[in-house]
Amino acid sequence: MKIKEIRALRGPNYYSRYPVIFMKLDIGELEEKPTDKIPHFKDNMESILPTLVEHRCSLNKEGGFFERIVTGTWAGHVVEHVAIELQCLAMTTVGFGKSIGTSEKGVYDIVFRYRDEEVGMEAGKAAVEIVQNLFDGKLTEVRPIIKNLKEIREKNLFGPSTRSIIDQAKSRGIPHIRLNNHSYVQLGYGVNQRRIQATMTDDTSALGVEISDDKERTKQILSSMGVPVPKGYSTKELDEGLKIAQQIGYPVVVKPLIGNHGRGITTDVRVNEDFEIAFNNAKKVCDTVLIERFLVGDDFRILVIDGKFVAAALRIPAYVTGDGKHTIQELLDEINKDPARGFGHEKILTRIKVDYMTQRLLFMKKLTLESILPDGEELPIKSTANLSAGGRAINVTDDVHPMIRSMVERISHIVGLNIMGIDLIAPSLTVPLTEEKGGIIEVNAAPGFRMHLNPSEGESINVAERVVDMLFPPGSKYTIPVVAVTGTNGKTTTVRLISHILGLNGKNVGMTSTDAVVIDNVPILEGDYSGPAGAKTVLMDSTIDHAVIEVARGGMIRRGLGYDESDVGVLLNITSDHLGEGA
């Protein structure tokens, strides 16, 4: 088999309202060899991809696709189903697919849904290889393929926080545009758009972010305003750091002045030898190191959005519990088998990795990964409770004392952040915080939502709802009128006339055509922009209040539309040279 063409249709398209991968596949001599002519084809397929039993196919029943294989179907149809299943096994669940014969013998148009473009493309290519091998009587080891697809997915995936905001916006009909390969996203269109990057927004205070990024500066500001914080100082030099530690008094916490996700942090440092190791570890993250008093208590994260307390979580560092039989490494391996744990942010919990922090905690207890703990003994594997390090979270929102709620709301105004995560150490949140019993250890300008959306214990809190409420208060607009013009002749003239009429009525119009992208009567890009790229450019412009888009046949067929839907559609004419045109 040979892939003659493969591409992504990124918007509503000829085949579906949703993004799809289009593949033109030449199955060659297999046109004369349907699956029922190949010995053991169904058994071999089932042995490597048993989950295909869930594919109902045209028979609309479980096992329907396998029945089609037994009665006979063609290679292109099999490729379609394998491409879909590989994506599902890689945790990007899809279900739509089509195999369409063409006028050319043995050549098929294969179409299947995707959620991540790169995963979809690679799944299509892998499916062709797997199916070709099956026709050749060979079995493919699919686990490395699925692992590779998962790694691609993880690389491209929106984090849980960004995804939750997008999903909440979509539930209200608010469209979104991904602006880069990371977490920079536009919600809405034109003048009514808002932008986010993870959990920072387009009106997050730059000064607030700068303050929160510098842990020492944050502490100084909060302390001056009567907020309890642990005593501490920063330095770039080890000798001075040792003096600070002795001045504060062991135990201390050693952390990079600027950093996140718990990287470079060592807690409960009690002797000079350990301090030197911790100091050098922190300097790998930031050249300036902060040394502060070690607070006794639990690790809590409080979330404040738009100046209001929203949620609180108790964060528990990763640990193992001995059974008197298995080594610490074996206990870790067993924990990581939990289906709720995955790579990065793909699951509710993150798999626990052995790192410097783990080795240090083992060394302090005079243990190794091969040690066997007594039955029932708990051993911390991490000294920080970050979920990204394998920690767990318990929802304690209802336990927070009114004085603490008031304090964290005040902190958000002091620092000046509209979305803020506040980390504090305290014996409990049920009583007011005092310097003797806890303190604020950090504030975060882009706090993760995962612990609140999917706590290990307790009810989930839809914190993204509060973000979208802040970005789009009730009654506010989130899109602009979109006029789309298509047909054989007269498209460019028509979009110009419509744009001109709107402009005469005081509207700021963005227009696309075969000549240019025009914003408020000023060409900003020259060339043929009658496809989805031109539409995206116009809808991204934050000054326009109306969009007039020329939709050419080629762009629509080859890449899909550049928007979800239009308010007005203009179909001019269809002449003979456009009749019967397909992909």
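As the structure is a computational prediction, the values presented were derived from the model and not from experiment.

## Description of the environment of Lys61
Part 1 of the reasoning: With respect to the helices, strands and loops of the structure, Lys61 is situated in the loop between helix H1 (41-48) and helix H2 (64-71).
Part 2 of the reasoning: Taking relative accessible area as the criterion, Lys61 reaches 37% and is therefore assigned partly exposed.
Part 3 of the reasoning: Residues in contact with Lys61, not counting those within four places in the same chain, are His55, Arg56 and Glu67.
Part 4 of the reasoning: Looking at Lys61, its side chain comes within polar contact range of the side chain of Glu67, at 3.0 Å.

## A word on the sheet that holds strand E20 (residues 419-426)
Part 1 of the reasoning: Here we have five strands laid out as an open sheet, ordered E19-E14-E13-E20-E21, and antiparallel in their pairing. Of all the strands in the sheet, the pair left with one neighbour each is strand E19 (392-395) and strand E21 (439-444). The sheet shows a mean angle of 30° between the axes of neighbouring strands, taken without regard to direction.
Part 2 of the reasoning: Of the strand pairs in this sheet, strand E14 (residues 308-316) and E19 are connected by four bridges, and their pairing is antiparallel. By the bridge assignment, Ile316 is partnered in E19 with Arg392.

## So, the sheet that holds strand E1 (residues 2-9)
Part 1 of the reasoning: Pairing within the open sheet is antiparallel, and its four strands lie in the order E1-E2-E4-E3. Each edge of the open sheet carries a strand with a single partner, namely E1 and strand E3 (97-101). Mean inter-strand twist for the sheet, computed between neighbouring axes without regard to direction, equals 15°.
Part 2 of the reasoning: Sheet analysis places strand E2 (residues 20-26) next to strand E4 (residues 107-113), joined by seven bridges and oriented antiparallel. Following the sheet pairing, Leu25 is matched in E4 by Tyr108.

## Some points on a negative patch on the surface
Part 1 of the reasoning: On the surface, a cluster of negative charge is made up of Glu237, Asp239, Glu240, Glu273 and Glu276.
Part 2 of the reasoning: Those elements that provide at least two residues to the negative patch are helix H9 (238-248) and helix H10 (272-283).
Part 3 of the reasoning: Take Glu273: it is sitting in helix H10.

## Quick word on the side chain of Ser412
Part 1 of the reasoning: By secondary structure assignment, the location of Ser412 is in helix H13 (residues 402-415).
Part 2 of the reasoning: Beyond its immediate stretch of four places on either side in the chain, Ser412 contacts Val304, Gly307, Leu417 and Met420.

## Details of the nonpolar core
Part 1 of the reasoning: By size, the foremost hydrophobic cluster in this structure holds 44 residues, and its most contacted members are Phe41, Met45, Leu49, Val82, Leu86 and Ile130.
Part 2 of the reasoning: Going through the elements one at a time, E2, H1, H2, helix H3 (75-89), E4, helix H4 (117-135) and helix H5 (143-156) are the ones with two or more residues in this core.
Part 3 of the reasoning: With ten residues, the top contributor of residues to this core is H4.
Part 4 of the reasoning: Ala312, Met407, Val415 and Ile440 belong to the second-largest nonpolar core, a separate cluster that totals 29 residues.

## As for the domain arrangement of the protein
Where interface size is quoted, it is often the accessible area lost as the parts come together.
Part 1 of the reasoning: As assigned here, the protein comprises domain 1 (2-156), domain 2 (160-199), domain 3 (231-293), domain 4 (298-471) and domain 5 (482-578).
Part 2 of the reasoning: Computed over C-alpha atoms only, the centres of domain 4 and domain 5 are separated by 49 Å.

## Side note on the side chain of Asn156
Part 1 of the reasoning: Position of Asn156 among the secondary structure elements: in helix H5.
Part 2 of the reasoning: For Asn156, a relative accessible area of 14% gives the class buried.
Part 3 of the reasoning: There is a polar contact of 3.2 Å between the side chain of Asn156 and the side chain of Lys155.

## Overview of the packing of H1 against H2
Part 1 of the reasoning: Packing of H1 against H2 leaves a shortest axis separation of 9 Å and a crossing angle of 150°. Judged by the inter-axis angle, H1 sits roughly antiparallel to H2. Listed contacts from H2 to Phe41, Lys42, Met45 and Glu46 of H1 are Phe66, Ile69 and Val70.
Part 2 of the reasoning: Taken together, the residues of the contact of H1 with H2 sort by class into five nonpolar, no polar and two charged.

## Describing the packing of H9 against H10
Part 1 of the reasoning: Running from amino to carboxyl end, H9 crosses H10 at an angle of 130°, the nearest separation of the two axes being 10 Å. If you check the angle between H9 and H10, you find them oblique. The crossing of H9 and H10 is right-handed. Side by side, H9 and H10 meet where Leu238, Gly241, Leu242, Ala245 and Gln246 of the first sit next to Asn272, Phe275, Glu276 and Phe279 of the second.
Part 2 of the reasoning: For the contact of H9 with H10, the residue count by class is five nonpolar, three polar and one charged.

## Some details on helix H7 (residues 206-213)
Part 1 of the reasoning: Listed as buried for H7 are Gly208, Ile211 and Ser212. Summarising the axial view, the buried residues of H7 lie within an arc of 95°, below the 170-degree limit, and thus occupy one face. Of the exposed residues in H7, the ones pointing more than 90 degrees away from its buried face are Ala206 and Leu207.
Part 2 of the reasoning: Looking at the buried positions of H7, the neighbouring elements they touch are helix H8 (215-224), H13 and E21.
Part 3 of the reasoning: Where H7 starts, the residue carrying a side-chain oxygen 3.3 Å from the main-chain nitrogen of Leu207 turns out to be Ser205.

## Some remarks on the pattern of salt bridges
Part 1 of the reasoning: What the rule picks out here adds up to 29 salt bridges.
Part 2 of the reasoning: The residue Lys155 makes a salt bridge to Glu118 at a minimum N-O spacing of 2.9 Å. Of this pair, Lys155 sits in helix H5 while Glu118 is found in helix H4, placing the two residues 37 residues apart along the sequence.
Part 3 of the reasoning: Note that Lys255 is salt-bridged to Glu292, the shortest N-O span being 3.0 Å. Placement of Lys255 in strand E10 (residues 252-256) and of Glu292 in strand E12 (residues 289-293) is noted, with a sequence separation of 37 residues between them.
Part 4 of the reasoning: Linked by salt bridges that have partners in common, Lys219, Lys255, Glu292 and Glu442 make up one network.

What counts and what doesn't
Residues numbered from 1 in each chain as written. Predicted model: local features only at pLDDT ≥ 70, side-chain atom pairs only at ≥ 80, totals over all residues. Heavy atoms only, no water. Helix = DSSP H or I, 4+ residues; strand = E, 2+ residues; numbered from the N terminus. Buried < 20%, exposed > 50% of the residue type's maximum accessible area, 1.4 Å probe, protein only. Contact = heavy atoms within 4.5 Å. Polar contact = N/O pair within 3.5 Å; in protein donor to acceptor, adjacent residues only side chain to side chain. Pairing = 2+ DSSP bridges. Axes fitted to C-alpha atoms, helices over the stretch in contact; angles between N-to-C directions. Patch = residues over 30% accessible without salt bridge, like charges linked within 9 Å, V, L, I, M, F, W, Y side chains within 5 Å. Areas by Shrake-Rupley, 256 points an atom, 1.4 Å probe, with all protein chains shown as cover. Salt bridge = Lys/Arg side-chain N within 4 Å of Asp/Glu carboxyl O. Lys, Arg positive; Asp, Glu negative; His and termini not counted. Charge placed at Lys NZ, Arg CZ, Asp CG, Glu CD. Core = buried A, V, L, I, M, F, W, Y, C linked by side-chain atoms within 4.5 Å. Domains from an automatic or database assignment. Parallel < 35°, antiparallel > 145°, perpendicular 65-115°, else oblique. Nonpolar A, V, L, I, M, F, W, Y, C, P; charged D, E, K, R; others polar. Left-handed = near helix turned anticlockwise from the far one by under 90°. Arc of directions from axis to C-beta.

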